[in-house]
Amino acid sequence: MTDNADTDALSLLDDLLARARRAGADSADALMARGVSQSVSQRLGTPEAVERSEGRDVELRVFVGRRQAVVSSTDFATDALDELVVRALAMARAAPEDKYAGIADPGQIARTWPDIEMFDATEPSAETLVERARAAEESALAVKGVTNSEGAEASWGVTEVALAASNGFAGGYRRSSYSIVASVVAGSGQKMERDYDYTAAVFDGDLESPEEIGRRAGERAVARLNPRRPKTATLPVVFDPRAGRSVLGHLASAINGVSIARGTSFLKNDMGEALFAPGIRIVDDPHRPRGHRSKPFDGEGLPTTRRAMVDDGRLASWFLDLATGRQLGLESTGHAGRGAGSPPSPGATNLYLDKGTVGRDALIGDIERGFYVTELMGSSVSLVTGDYSRGAAGYWIENGEITFPVSEMTIAGHLRDIFRTLTPADDLVFKYGMDVPTIRVEGLLVAGGQD
């Protein structure tokens, strides 16, 4: 946000909060979000779409005692904002009491915050985006064995956020994003396989080249041709980082304060317990420069900080906002997120599994028979019980080597066992906002065919 945009947005929010207090709100907070984005797509050399969107909305949350209501609007006219306040107060007075609801005390809010590198002013033209999509698709189609394209897309966007509350908090930030993706098909007839690759970055200059993205998408599709279905067995499973991120995602959901407070997580009684092997560390870092999910303060105006969620294998923290913290008798961890029209809820920022000490090849090298997973499909994962089952595709491991492609497989087990036997490689790259190195898990049921 420019200084003027900061001032204008915060001035509007301050005025909205004053109206709410005059109308009878005991306390209130307000959020303004503005987004600008542009994307282009093409398929088989023909542009399919050039799209640009701009939008902004304002969200008002009011409290009457312990009763709260959240309303939002895209209309910023004076009459519309007056109506927004009236509607919010009427809804709050009719809402049931929630003893855990409420904004932060003045002593809890962030007064200063770090200047995180998270905005690039570069705005690529539509012609530049068209050229990126074209180059990615042409590079993919040039790979021998690629027979068709599902298309390529290049995009850019900026999100601006301003937050203010009646406890004295006022702040704003903006984040940029850039991406290129290509998806192609290899083979023909009944023997076709598809795959993709993409690059996403907060700064334009951090994008990988479209030619590299296209080449990798093509090579991945070709490598998947003529897959087999090995016999069902209990085996070591190695997750490529692109697929392994989902394991970290299941942990993040299981230690989310909402699930813990409701008692719907299989980890609800495991604070301080050893979930992983000694030395395993999982960190949430909202202040990472150029991080996809970085933010200087959370959705309730509280300070954010780098935090080990798992330290030396032991569960060290939940993801908490104010409400879930109060329900659990704990302080918020500064993980409140916000979306228009809904109250805050906790969630991860830049979450990652720290790298291990062994290389990827060594991680695989002693596996006599195993499964190297590059893609996961569907989901039958219960966060209540921890039972895990996913459709999967990838490559077979024989005598420490990645060999032939496999598909239509299912991997199953329990998340506790996955966490307990997990070994990370040393190839961590910060790429997605939720990142893991290559990881190995022991003793999963790998269900296939009768080959």
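Anything mentioned here points back to the structure above.
Note that the structure is predicted; figures quoted are calculated from it, not measured. (Residues numbered from 1 in each chain as written. Predicted model: local features only at pLDDT ≥ 70, side-chain atom pairs only at ≥ 80, totals over all residues. Heavy atoms only, no water.)

### Some thoughts on the overall build of the protein chain
So, point 1. A tally of helices and strands in the protein chain yields nine helices and 19 strands.
So, point 2. Relative to the globule expectation of 22 Å for 451 residues, the C-alpha radius of gyration of the protein chain, 24 Å, shows essentially globular dimensions.
So, point 3. For the protein chain, the spread of C-alpha atoms along the three principal axes comes to 75 × 55 × 35 Å.
So, point 4. Across the protein chain, the fraction of contacts at a sequence separation of at least 24, relative to all contacts at a separation of at least 6, is 71%.
So, point 5. Positive and negative side-chain charges of the protein chain, numbering 50 and 65 respectively, have mean locations separated by a distance of 4 Å. (Helix = DSSP H or I, 4+ residues; strand = E, 2+ residues; numbered from the N terminus. Rg over C-alpha atoms; globule rule 2.2 N^0.38 Å. Contact = heavy atoms within 4.5 Å. Lys, Arg positive; Asp, Glu negative; His and termini not counted. Charge placed at Lys NZ, Arg CZ, Asp CG, Glu CD.)

### Section: the packing of helix H3 (residues 126–141) against helix H4 (residues 210–223)
Axis angle and axis distance: for two packed helices, these are the angle between their axes and the distance between the axes, and together they describe the pair.
So, point 1. Where H3 contacts H4, the two axes come as close as 7 Å, and the packing angle between them is 35°. Classified by chirality, the crossing of H4 by H3 is right-handed. Together, Arg132, Ala135, Ala136, Ser139 and Ala140 of H3 and Pro210, Glu211, Gly214, Arg215 and Gly218 of H4 make up the contact between the two elements.
So, point 2. Split into classes, the residues belonging to the contact of H3 with H4 amount to four nonpolar, three polar and three charged. (Axes fitted to C-alpha atoms, helices over the stretch in contact; angles between N-to-C directions. Left-handed = near helix turned anticlockwise from the far one by under 90°. Nonpolar A, V, L, I, M, F, W, Y, C, P; charged D, E, K, R; others polar.)

### Overview of the pattern of salt bridges
So, point 1. One pass over the full model with this rule turns up 34 salt bridges.
So, point 2. With a shortest N-O distance of 2.4 Å, Arg134 and Glu138 are connected by a salt bridge. With Arg134 and Glu138 both in helix H3 and four residues apart, this pair spans about one turn of that helix.
So, point 3. In this structure Glu138 comes out as partly exposed when scored by relative accessible area, which is 44%.
So, point 4. With a closest N to O distance of 3.1 Å, Arg194 and Glu150 form a salt bridge. In this pair, Arg194 sits in strand E6 (residues 191–201) while Glu150 sits in strand E4 (residues 146–165), placing the two residues 44 residues apart along the sequence. (Salt bridge = Lys/Arg side-chain N within 4 Å of Asp/Glu carboxyl O. Buried < 20%, exposed > 50% of the residue type's maximum accessible area, 1.4 Å probe, protein only.)

### Thoughts on empty space enclosed by the protein
So, point 1. As enumerated under the stated definition, the model contains three cavities of 30 Å³ or more in all.
So, point 2. If you add up the space inside the largest cavity, you get close to 50 Å³.
So, point 3. As for the largest cavity, its lining consists of Val247, Leu248, Leu251, Phe276, Ile282, Leu353, Phe419, Leu422, Val436 and Ile439.
So, point 4. At three residues, the largest contribution of residues to the lining of the largest cavity is made by helix H5 (residues 241–254).
So, point 5. The residue makeup of the lining of the largest cavity, split by class, is 10 nonpolar, no polar and no charged. (1 Å grid on protein atoms, 1.4 Å probe; cavity = no way out; pocket = protein on both sides within 12 Å on 5 of 7 lines; lining within 4 Å. Points joined across faces, edges and corners; volume = space filled by probe spheres on them.)

Interpretation in functional terms is not warranted from these geometric data alone.
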